[in-house]
Amino acid sequence: MPYNWTPTDSAADGGAPRELHLWPHQSLPVEGYVRFLALTAVLISVPLLPLLGSFVLWGLLPFLLITLFGMKWALDRSRRDRQILEVLTLGPEEARLERTGPRGGHQSWHCNRHWTTVQLHAHDGPVPNYVTLRGGGREVEIGAFLSEDERKALYDDLQSALRG
């Protein structure tokens with residue numbers, strides 16, 4: 001799952017704050033990215049072999065290069081848009097959610113831990129099984145980029161973590 005619980009450094013002093021780190025799936029690792037672009041370049045080049053030495057090659061080559069660089073740009077943009085990190089810190093008295101967006105945007109929310117509630121919106125959210133945290137006069141989403149089953153598991157984890 002693209003989230004995990006980690007104890008913070010001050011857990012040894014008895015306060016036992018915990019952190020939950022959430023991030024979107026990264027379905028194409030760097031090795032796959034390089035292989036995909038290289039294979040695409042090779043497959044685009046194969047039909048050009050009979051055209052070597054002709055003027056037709058120079059007419060087709062710009063369009064094939066535009067296609068290749070357009071694919072690279074789309075893959076890079078997709079990877080940048082998936083650079084999201086959400087960190088939920090549950091201390092003895094406070095719950096804090098920090099979200100770093102794909103373009104460096106930063107959002108934060110905090111409230112008294114004892115007033116924090118977790119809600120699962122099965123059908124009335126922007127995605128099925130939408131999970132929100134409520135407290136301090138605000139309601140914020142958490143893990144909206146997770147799959148439906150992962151949001152259900154996240155809801156259960158958050159329920160047990162807030163009780164304990």
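Data block above holds the structure.
These remarks concern the structure in this document.

Some remarks on the overall build of the chain
Looking only at helices and strands, one finds 3 helices and 8 strands in the chain. Order of helices (α) and strands (β) in the chain, N terminus to C terminus: β-β-α-α-β-β-β-β-β-β-α. Against the 2.2 N^0.38 benchmark of 15 Å for 164 residues, the chain shows a C-alpha radius of gyration of 23 Å, more extended than a compact globule. Overall, the chain is about 75 × 40 × 25 Å in size when its C-alpha atoms are taken along their principal axes.

Thoughts on the pattern of salt bridges
All told, the structure shown has 8 salt bridges when counted by the stated rule. The partner of Asp81 in a salt bridge is Arg77, with the nearest N and O atoms 3.3 Å apart. Residue Asp81 and its partner Arg77 are located together in helix H2 (residues 55-81), separated by 4 residues, close to a single helical turn. Judged by relative accessible area, which is 28%, Asp81 ranks as partly exposed. The salt bridge involving Glu94 is made with Arg96; its shortest N-O contact spans 3.5 Å.

Some details on the sheet that holds strand S7 (residues 130-135)
Hydrogen bonds along the backbone pair up the strands of a sheet, which may run parallel or antiparallel. Read from one edge to the other, the open sheet built from 3 strands follows the order S6-S7-S8, with strand pairing classed as antiparallel. Since the sheet does not close on itself, it has two edges, and those belong to strand S6 (117-121) and strand S8 (138-141), each with one partner. Each strand of the sheet is rotated relative to its neighbour by a mean of 30°, with strand direction disregarded. Pairing of S6 with S7 involves 5 bridges; the strand directions are antiparallel. Bridge pairing in S7 places His121 opposite Tyr130. Strand contacts of helix H3 (residues 148-163): S6 and S7, with the helix running at about 160° to S6, the strand carrying the most contacts.

Some points on the packing of helix H1 (residues 30-45) against H2
Look at H1 against H2: their axes get within 10 Å of each other, and the N-to-C directions meet at 165°. Between H1 and H2, the angle falls in the class roughly antiparallel. The two elements H1 and H2 meet at a crossing, and its hand is right-handed. Contacts between H1 and H2 involve Val30, Tyr33, Phe36, Leu37, Thr40, Ala41 and Ile44 from the first element and Leu64, Thr67, Leu68, Met71, Lys72, Leu75, Asp76 and Arg79 from the second. Of the residues belonging to the contact of H1 with H2, the class tally is 10 nonpolar, 2 polar and 3 charged.

Observations concerning H1
A rise of 1.5 Å per residue sets the reference length of H1, with its 16 residues, at 22 Å; its end C-alpha atoms lie 23 Å apart and thus fit the reference within 8%. For H1, the full list of buried residues reads Tyr33, Leu37 and Thr40. Viewed end-on, H1 has its buried residues packed into an arc of 60°, placing them on one side of the element. The outward face of H1, more than 90 degrees from its buried face, is lined by the exposed residues Glu31, Arg35, Leu39 and Leu43. Tucked into the core, H1 has its buried residues touching H2.

Here's the deal with the nonpolar core
Leu20, Leu22, Leu88, Leu133, Ile142, Leu154 and Leu158 are the most contacted members of the largest nonpolar core, which totals 23 residues. For this core, the elements supplying multiple residues, two or more each, are strand S2 (18-22), strand S3 (85-90), strand S4 (94-100), strand S5 (106-112), S7 and H3. Sort the elements by how many residues they give to this core and H3 lands first, with 6 residues. In this structure, Leu133 is in contact with Leu88, Leu97, Trp109, Thr116, Thr117, Val118, Arg138, Glu139, Val140, Ile142 and Leu158, ignoring residues within four places of it in sequence.

A closer look at the packing of aromatic side chains
Within this structure, the stated rule accounts for 0 aromatic pairs. Over the face of the ring belonging to Trp5 we find Arg18, whose NZ or CZ atom lies 4.3 Å from the ring centre.

Conventions used here
- Chains are numbered independently. Their residues run from 1 in the order of the written sequence.
- Side-chain atom pairs in this predicted model are given and counted only at pLDDT of 80 or more, local residue features only at pLDDT of at least 70, and totals for whole chains, interfaces and linings cover all residues.
- To obtain the side-chain values, all non-hydrogen atoms of the structure were included, while hydrogens and water were left out.
- A run of H or I in DSSP counts as a helix once it spans at least four residues, and a run of E counts as a strand once it spans at least two, with each numbered from the N terminus.
- To get the radius of gyration, use the C-alpha atoms; to get the globule rule, take the number of residues to the power 0.38 and multiply by 2.2 Å.
- Any carboxyl oxygen of Asp or Glu within 4 Å of a side-chain nitrogen of Lys or Arg constitutes a salt bridge here.
- Relative accessibility decides the category of a residue: with a 1.4 Å probe and only protein chains considered, values under 20% of the type maximum give buried, values over 50% give exposed, and everything between is partly exposed.
- When DSSP finds two or more bridges between two strands, those strands count as paired.
- Inter-axis angles, ranging from 0 to 180 degrees, are taken between N-to-C directions of lines fitted to C-alpha atoms, where helices are fitted over the stretch in contact.
- Working rule for contacts: check all heavy atoms of both residues, and any pair within 4.5 Å makes them a contact.
- Orientation categories follow fixed angle ranges, with anything under 35 degrees roughly parallel, anything over 145 roughly antiparallel, 65 to 115 roughly perpendicular, and all other angles oblique.
- Note on convention: the crossing is left-handed when the near helix lies turned anticlockwise from the far helix by less than a right angle, right-handed when the turn is clockwise.
- Under the scheme applied, nonpolar residues are Ala, Val, Leu, Ile, Met, Phe, Trp, Tyr, Cys and Pro; charged residues are Asp, Glu, Lys and Arg; polar residues are all the others, including Gly.
- One less than the residue count of a helix, multiplied by 1.5 Å, gives the span that helix is expected to have.
- Picture the helix axis, draw a direction to every C-beta atom, and the arc is the one those directions span.
- Buried residues of nine kinds, namely Ala, Val, Leu, Ile, Met, Phe, Trp, Tyr and Cys, make up a nonpolar core once their side-chain atoms join them within 4.5 Å.
- Two rings from Phe, Tyr or Trp (for Trp, the six-membered ring) form a pair when their centres are within 6.5 Å of each other. A pair whose planes differ by under 30 degrees is stacked, one over 60 is edge-to-face, and the rest are tilted.
- In this scheme, Lys NZ or Arg CZ marks a charge over a ring once it lies within 6 Å of the ring centre and within 35 degrees of the ring normal.

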